[in-house]
There are 2 protein chains.
Amino acid sequence: MTDDLAFDVFARGCASRVTLEHVTGRWGSLTLGALYEGSFRFNELRRRVDGVSEKMLAQTLHALERDGLVHRDAQPVNPPRVDYRLTPLGRDVAERLVGLITLVEGRMPEVVAAREAYDSGRAAPAG
Amino acid sequence: MTDDLAFDVFARGCASRVTLEHVTGRWGSLTLGALYEGSFRFNELRRRVDGVSEKMLAQTLHALERDGLVHRDAQPVNPPRVDYRLTPLGRDVAERLVGLITLVEGRMPEVVAAREAYDSGRAAPAG
DNA sequence: CAGTATCCTGCAGGATACTG
DNA sequence: CAGTATCCTGCAGGATACTG
């Protein structure tokens, strides 16, 4: 019974699935990664989050803000100035995310070796 | 300078980006989560990974196997029997993934509260 | 600057049928 | 059982133009 918990928790936990997708999704993870470095304005983020479009960055930031991971600080000046930064919750999440990323990064030699073994096994099967 | 490292590492590290997407993607994360519980056959996994199609499970397992995260054990019997389980590398990655998931799961009350605050702020702005 | 609105397209991924 | 092959569709997400 107990060994089902860890899995069930994210296979069925629908509300958290949505948040998890915001966190681990392509733009979500990159945005959290960028904000882990500090506070940035919208267009600074656009430059940091390589390849993101205006639309997707806006959409991503809304999702993360709504989930309480990112704080949006809009200063009532002209021209507008809006700063984004992680909330304490966002920082905790980003920390774990960066930990996962760092682990995978550090193990890429193993991954690359596995890929080569896999590909050569396929190219010349059974030998 | 040093504060750029953690971010650059995954913004630009293309090879790892691909692996990261396998790990954090919808079916990849669920499959790793399932295999974190133990070893399973193809159709057992289909039942455990809720909502996955044959095609996507096959595709996901290939990617994870090629990355060296999952081991495929095909026994030469009839009818065929194939067991999938995590490699040591896969286990390390799944551990961090489950850690991230567990963190988000545990903090969902905060997320839900943030959403309610966000939504009511939108419904009745400035108040 | 910090976005929103609209249009459009490629491809993730589902459904279905078939195979060793 | 453990897949592969084919067809098809919805929507993620890009491009472009516009706004407070």
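Position labels on residues start from 1 in each chain and follow its written sequence. The order in which chains are written sets their letters, starting at A; the order in which ligands are written sets their numbers, starting at 1. At least 70 in pLDDT is required for a residue's local features to be given in this predicted model, at least 80 for side-chain atom pairs to be given and counted, and no such filter applies to totals for whole chains, interfaces and linings, which use all residues. Remark: hydrogens and water are excluded; side-chain values derive from all non-hydrogen atoms of the structure.

- For chain A, the name recorded in an unreviewed UniProt entry is HxlR family transcriptional regulator, with Streptomyces hydrogenans as its organism.

## Describing helix 2 (residues 14-24) of chain A
Now for step 1: Among all positions in helix 2 of chain A, only A:Ser16, A:Arg17, A:Thr19, A:Leu20, A:Val23 and A:Thr24 are buried. The arc enclosing the buried residues of helix 2 of chain A, seen along the axis, measures out at 170°, which places them on a common side. The buried label applies to any residue whose accessible area, calculated with a 1.4 Å probe on protein chains only, is under 20% of its type's maximum; exposed applies above 50%, and partly exposed to all values in between. By the criteria applied, helices consist of DSSP H or I runs no shorter than four residues and strands consist of E runs no shorter than two, each listed in order from the N terminus. The arc in question is formed by the directions pointing from the helix axis toward the C-beta atoms.

## Structural notes on the protein's contact with DNA strand C
Now for step 1: The local shell around DNA strand C holds 19 residues, among which A:Arg41, A:Glu54, A:Arg72, A:Tyr84 and B:Lys55 are the closest.
Now for step 2: Throughout this document, a residue counts as near a molecule or strand when at least one of its heavy atoms sits within 4 Å of that molecule or strand. Backbone atoms, meaning sugar plus phosphate, form 58% of the atoms of DNA strand C positioned within 4 Å of the protein.
Now for step 3: At 3.3 Å, a backbone N or O of A:Pro80 approaches a sugar or linking oxygen of DNA strand C.
Now for step 4: The term polar contact refers here to a pair of N or O atoms within 3.5 Å; inside protein, the definition further demands a hydrogen-donor-capable atom paired with an acceptor-capable atom, and it admits residues adjacent in sequence only when both atoms are side-chain atoms. Between B:Lys55 and DNA strand C, the recorded distance is 2.4 Å, taken from a side-chain N or O atom to a base oxygen.
Now for step 5: Residue assignment for the surface near DNA strand C shows that the elements contributing at least two residues are helix 4 (42-48), helix 5 (54-66) and strand 3 (81-86) of chain A together with helix 5 (54-66) of chain B.
Now for step 6: By residue number, the principal contributor to the surface near DNA strand C is helix 5 of chain A, which donates four residues.
Now for step 7: All amino acids are sorted into three groups, where Ala, Val, Leu, Ile, Met, Phe, Trp, Tyr, Cys and Pro are nonpolar, Asp, Glu, Lys and Arg are charged, and the leftover types, Gly among them, are polar. Here the surface near DNA strand C is composed, by residue class, of nine nonpolar, three polar and seven charged.

## What about empty space enclosed by the protein?
Now for step 1: Grid points spaced at 1 Å and placed over the protein atoms alone form the basis of the search, with a cavity being a set where a 1.4 Å probe fits but cannot get out and a pocket an open set showing protein on both sides within 12 Å along at least five of seven lines. Lining residues have an atom within 4 Å of a point. Grid points are joined across faces, edges and corners, and a volume is the space filled by probe spheres set on the points. For the coordinates displayed, the defined rule picks out one cavity of 30 Å³ or more.
Now for step 2: Along the walls of the largest cavity sit 13 residues, with A:Thr24, A:Ser29, B:Arg17, B:Leu20 and B:Thr24 positioned nearest its centre.
Now for step 3: Secondary structure elements with two or more residues in the lining of the largest cavity: helix 3 (26-35) and helix 6 (88-106) of chain A together with helix 2 (14-24) of chain B.
Now for step 4: The dominant element in the lining of the largest cavity, judged by the number of residues it contributes, is helix 2 of chain B, at four residues.

## Here we look at the interface of chain A and chain B
Now for step 1: Contacts between the two partners involve 52 residues from chain A and, on the opposite side, 52 residues from chain B.
Now for step 2: Put simply, buried area is how much 1.4 Å-probe accessible surface two parts lose in total, over both of them, once they are put together. In total, chain A and chain B occlude about 5,000 Å² of area from one another, counting both sides; carbon and sulfur atoms represent 63% of this.
Now for step 3: Only one rule defines a salt bridge in this text: a Lys or Arg side-chain nitrogen within 4 Å of an Asp or Glu carboxyl oxygen. In this structure, the connection of chain A to chain B is made through six salt bridges.
Now for step 4: Ionic pairing is found between B:Arg107 and A:Asp92, a salt bridge with its closest N-O pair at 2.1 Å.
Now for step 5: In this assembly, chain A and chain B are joined by 14 residue pairs in polar contact (both at pLDDT 80 or more). Residues are treated as being in contact if the distance between any of their heavy atoms lies within 4.5 Å.

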